[in-house]
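Letter by letter, the chains look like this.
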Amino acid sequence: MKIFIKILLLAAIAVFALFNYRIISFDKGISKTSMENMSVIEVLKTVTDISKVEYYQMPFTARVEYGTETNRPANYQPADYIYRVYIVTSEEAYLLKATQDDIDAFKTLGLFSKNLKPNKISPIPYFVEIIVGVVILFIPFGRKKKKPAEQKNN
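On a predicted model such as this, the values are computed, not experimentally measured, just so you know.

J.: Explain the pattern of salt bridges here, please?
T.: Pairing between side chains of opposite charge can happen when the charged atoms of each approach one another. One pass over the full model with this rule turns up four salt bridges. Salt-bridge contacts for lysine 32 lead to glutamate 92; the nearest nitrogen and oxygen are separated by 3.9 Å. One end of the pair, lysine 32, is in the loop between strand 2 (29-30) and helix 2 (40-48); the other, glutamate 92, is in the loop between strand 4 (83-89) and strand 5 (93-98), with 60 residues separating them in the sequence. What makes lysine 32 partly exposed here is its relative accessible area of 38%. Its relative accessible area of 25% is what places glutamate 92 among the partly exposed residues.

Structure below.
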């Protein structure tokens, strides 16, 4: 029974992490992570149908500094994608990688449309969830069994 409770709590932490990082949402289900297989018409329909934009800095990324924005290279490297953008439309939810320029573009578009204004969120870091999981593994559950009283010899 103790193992079942621990497994249940660890599963709850894992599910919380998926919701926390917007990989799964209550209203849209599992977020799509790519728009590559979409036609141009589908992409335009998606872009015009945005109802909410959120973003956060990805955990475990090395941020590359280039100094000024004029020093930034024209072609981005994978290390430049330090953000995740969560875009919600009426039909789907998307969780896409983004650069600082992408976030700045959404902020600029947010001046013209309230729906395109990105909200920065701060998910609970992975290491906190890992620590809680380790604590759950090592905390004893239930009562300590009492040893039967020693019988007195008459």
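J.: So what exactly am I meant to see when it comes to the nonpolar core here?
T.: What tends to happen in soluble globular proteins is that the nonpolar side chains get buried as a cluster. Counting 13 residues, the largest nonpolar core has Tyr83, Val85, Ile87, Ile103 and Phe106 as its most contacted members. Every element with two or more residues in this core is listed here: strand 3 (50-57), strand 4, strand 5 and helix 3 (100-110). Judged by nonpolar contacts, the second largest core, of seven residues, contains Tyr56, Tyr86, Ala93 and Ile121.

J.: I keep staring at the sheet that holds strand 6 (residues 119-120) and nothing clicks. Help me out?
T.: Strands pair in a sheet through their backbones, by hydrogen bonds, and they do so in one of two ways: parallel or antiparallel. Read across the open sheet, the four strands follow the order 5-4-3-6; overall the sheet is mixed. Either end of the sheet is taken by a strand with one partner, and the two such strands are strand 5 and strand 6. One ladder, built from six bridges, connects strand 4 with strand 5; its direction is antiparallel. Within strand 5, the position partnered with tyrosine 83 by the bridge is alanine 98. Running at roughly 40° to strand 4, helix 3 makes contact with strand 3, strand 4 and strand 5 of the sheet.

J.: Help me out: how do you make sense of the packing of helix 1 (residues 2-20) against helix 4 (residues 126-138) in this one?
T.: Packed helices, taken two at a time, are described by the angle their axes make and the gap between the axes. Two numbers describe how helix 1 lies on helix 4: the axes approach to 9 Å, and their chain directions differ by 175°. Overall, the two elements helix 1 and helix 4 adopt an arrangement that is roughly antiparallel. Here Lys6, Leu9, Leu10, Ile13, Phe16, Ala17 and Asn20 of helix 1 come into contact with helix 4, specifically with Glu129, Val132, Gly133, Ile136, Leu137 and Phe138. Tallied by class, the residues present in the contact of helix 1 with helix 4 amount to nine nonpolar, two polar and two charged.

Analysis parameters
- Residues numbered from 1 in each chain as written.
- Predicted model: local features only at pLDDT ≥ 70, side-chain atom pairs only at ≥ 80, totals over all residues.
- Heavy atoms only, no water.
- Salt bridge = Lys/Arg side-chain N within 4 Å of Asp/Glu carboxyl O.
- Helix = DSSP H or I, 4+ residues; strand = E, 2+ residues; numbered from the N terminus.
- Buried < 20%, exposed > 50% of the residue type's maximum accessible area, 1.4 Å probe, protein only.
- Core = buried A, V, L, I, M, F, W, Y, C linked by side-chain atoms within 4.5 Å.
- Pairing = 2+ DSSP bridges.
- Contact = heavy atoms within 4.5 Å.
- Axes fitted to C-alpha atoms, helices over the stretch in contact; angles between N-to-C directions.
- Parallel < 35°, antiparallel > 145°, perpendicular 65-115°, else oblique.
- Nonpolar A, V, L, I, M, F, W, Y, C, P; charged D, E, K, R; others polar.

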